[in-house]
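The residues making up each chain are set out below.
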Amino acid sequence: MASMTVMQVSEPGAALELVERPIPEPGPGEVRVKVQACGVCHSDSMAVDGHFPGVTFPVVPGHEVAGVIDAVGEGVPGWSVGQRVGVGWFGGNCTYCEPCRRGDLIGCQNMPIPGVTMDGGYAEYLVCSARALALIPDDLSAEDAGPLLCAGITTFNALRNSGARAGSLAAILGIGGLGHLGVQFAVKLGFETVAIARGKDKEPLARELGAHHYIDSQAEDAAAALQALGGASVVVATVTNAAAMGATLGGLGLRGKLIVVGTSMEPIEVAPAAIIGRLHQIAGHASGSSIDSQDTLAFSALTGVRPMIETMPLERAQEAYDRMMSGDARFRMVLVTGQ
Ligand SMILES: NC(=O)c1ccc[n+]([C@@H]2O[C@H](COP(=O)([O-])OP(=O)(O)OC[C@H]3O[C@@H](n4cnc5c(N)ncnc54)[C@H](OP(=O)(O)O)[C@@H]3O)[C@@H](O)[C@H]2O)c1
Ligand SMILES: [Zn+2]
């Protein structure tokens, strides 16, 4: 039987290990994707450490998958072998639960999440529901498409659904894998864009990505600095630290919204009285559906949004993961397989 290389984690917190497995066959409604590139997202840590509900070991992480359809199962209309496709955090939707029947695709809790509650893209092949697929435009490489399928869609969707209008002040808190794409999307969506990160070293890169303003949150009070710019209509918080998120609340303008995308189990401190008068909102946001992924890829191809990446072969997944976790990646690690 033909085999493939995967990088798996066999118990919570264990190192990624190279394993040969049989190449899986797609079942009804599924396709097999030959993986060309897979981004390494901070959320992979929830699979690696087993912190996400429903993770079972061994698990193959990876939910920023770009490749080519290599086999199509029974009952899959509209997709064919050879198409270039991406797969993100969204594993498809069941069509029968209440959110699905109301048309809320990402409200579906019945489908497994690629790289989290099913095997993902740290592998040469991946089998997934056809409902999880997004078409990759011809002029976008697999390496560039990968990070757009989680880091990209999450920040693009947060901004485009925020209610903030072009010309208003949008801040991206945290300039990592998500944040460096968030800055580019904010600029291309027409916002006056503020990048907020710790220290001075990310300033030139943030400006290169198009940021109109840069706030070093270690050197100045981020809320006061945002107020000096007129107050933010939206802050997209991509950091992994709840205190850093809470520290921007005072920087919101009238009807300003803090959109939380970075994960943390710590509470965000907020004084109820402080958010009433200026009608502030705090909202969570999860990435999006496969058609949102496709929108993200198309918008990026159209406007020139591209991730800044460092590539490594699949076999060096542990090194890539460690580099991401240490905060040293500029800005997204991408695993590539023999194409
Ligand atoms: N909601 C969703 O759908 C969704 C989707 C994808 C990822 N996520 C989550 O989003 C977060 C970011 O993911 P990523 O892949 O962009 O991670 P990443 O590349 O590792 O970047 C981490 C970011 O967190 C910031 N950070 C780390 N420690 C911090 C601290 N002690 N204080 C303040 N900031 C700190 C860094 O800020 P500096 O720039 O200041 O160094 C950096 O921008 C993760 O929690 C991930 O799980 C959520
Ligand atoms: Zn992710």
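Residues numbered from 1 in each chain as written. Chains lettered and ligands numbered in written order. Predicted model: local features only at pLDDT ≥ 70, side-chain atom pairs only at ≥ 80, totals over all residues.

1. Side note on the confidence of the model for the chain
On average, residues of the chain score 97 in pLDDT, and 100% of them are at 70 or above. Averaged over each element, pLDDT in the chain is lowest for helix α8 (residues 272-276) (95) and highest for strand β8 (residues 169-173) (99). (pLDDT = per-residue confidence, 0-100. Helix = DSSP H or I, 4+ residues; strand = E, 2+ residues; numbered from the N terminus.)

2. Observations concerning the nonpolar core
Counting 101 residues, the largest nonpolar core has Val 33, Ala 171, Leu 173, Ala 195, Val 235, Val 236 and Ala 237 as the members making the most contacts within it. With 10 residues, helix α3 (residues 142-160) is the single largest residue contributor to this core. Counting contributing residues, this core receives three or more from each of domain 1 (3-147 + 287-336) and domain 2 (162-284). Setting aside anything within four residues of it in sequence, one finds Ala 171 in contact with Val 194, Ile 196, Leu 226, Ala 232, Val 235 and Thr 248. (Core = buried A, V, L, I, M, F, W, Y, C linked by C-beta atoms within 7 Å. Buried ≥ 20, exposed ≤ 12 C-beta atoms within 10 Å, placed from the backbone. Domains from an automatic or database assignment. Contact = placed C-beta atoms within 7 Å.)

3. Section: the site of ligand 1
Around ligand 1 sit 28 residues, and of these His 42, Gly 174, Gly 176, Gly 177 and Asn 241 come closest. Residue composition of the shell around ligand 1, by class: 11 nonpolar, 15 polar and two charged. A domain split of the shell around ligand 1 shows at least three residues from each of domain 1 (3-147 + 287-336) and domain 2 (162-284). (Near = placed C-beta within 6 Å. Nonpolar A, V, L, I, M, F, W, Y, C, P; charged D, E, K, R; others polar.)

4. Observations regarding the domain arrangement of the chain
Each assigned domain of the chain is listed here: domain 1 (3-147 + 287-336) and domain 2 (162-284). Across the boundary between the two partners, domain 1 contributes 11 residues, which contact nine residues of domain 2. Partitioning the side of domain 1 that touches domain 2 into residue classes produces six nonpolar, four polar and one charged.

5. Points about the environment of Cys 38
Mapping Cys 38 onto the fold places it in strand β3 (residues 30-40). Note on Cys 38: 37 C-beta atoms within 10 Å, which makes it buried. As for Cys 38 and Gly 88, which are separated by 50 residues in sequence, their C-alpha atoms are 9.7 Å apart.

6. Section: the sheet that holds strand β13 (residues 281-284)
Taken in spatial order, the six strands make up an open sheet running β10-β9-β8-β11-β12-β13, and their pairing is parallel. If you trace the sheet from one side to the other, it starts and ends with β10 (213-216) and β13, each paired once. On average, adjacent strands in this sheet sit at an angle of 20 degrees to one another, irrespective of strand direction. Bridge count between strand β12 (residues 252-260) and β13: four bridges; the pairing is parallel. Within the sheet, the bridge partner assigned to Leu 258 lies in β13 and is Ile 282. (Pairing = 2+ DSSP bridges. Axes fitted to C-alpha atoms, helices over the stretch in contact; angles between N-to-C directions.)

7. Quick word on the packing of α3 against helix α4 (residues 177-188)
α4 packs onto α3 with a crossing angle of 50 degrees between their chain directions and a minimal axis gap of 8 Å. When the interaxial angle is binned, α3 and α4 end up oblique. α3 and α4 meet at a crossing whose hand is right-handed. Contacts between α3 and α4 involve Pro 147, Ala 151, Gly 152, Thr 154, Thr 155, Phe 156 and Leu 159 on the former and, on the latter, Gly 177, Leu 178, Leu 181, Gly 182, Phe 185 and Ala 186. Classifying every residue of the contact of α3 with α4 by side-chain character gives eight nonpolar, five polar and no charged. (Parallel < 35°, antiparallel > 145°, perpendicular 65-115°, else oblique. Left-handed = near helix turned anticlockwise from the far one by under 90°.)

8. Considerations on the pairing of strand β15 (residues 332-336)
Counting buried residues along β15, four of its five residues qualify, which places the element largely inside the surrounding structure. In this structure, β3 lies alongside β15, joined through four bridges in antiparallel fashion. Directly across from Cys 38, in β15, lies its bridge partner Leu 335. Direction of pairing for strand β14 (residues 309-313) relative to β15: parallel, over a ladder of five bridges. Each bridged residue has a counterpart across the sheet, and for Ile 309 the counterpart in β15 is Arg 332. As for the winding sense of the linkage, the β-α-β connection from β14 through helix α10 (residues 317-325) to β15 is right-handed. (Right-handed = clockwise from strand over helix to strand, strands pointing away.)

9. Here's the deal with the environment of Lys 202
Among the structural elements, Lys 202 can be located in the loop between β9 (192-197) and α5 (203-208). Note: C-alpha distance between Lys 202 and Thr 296 (94 residues apart in sequence) is 24 Å. If we ignore the near neighbours within four places in the chain, the residues touching Lys 202 are Ile 175 and Ala 197.

10. Observations concerning unusual backbone geometry
In this structure, Pro 58 follows Phe 57 across a cis peptide bond, with omega equal to 0 degrees. Among the structural elements, Pro 58 can be located in the loop between α1 (44-48) and β4 (65-72). Residue Phe 331 follows Arg 330 across a cis peptide bond; omega there is -15 degrees. In this structure, Phe 331 sits in the loop between α10 and β15.

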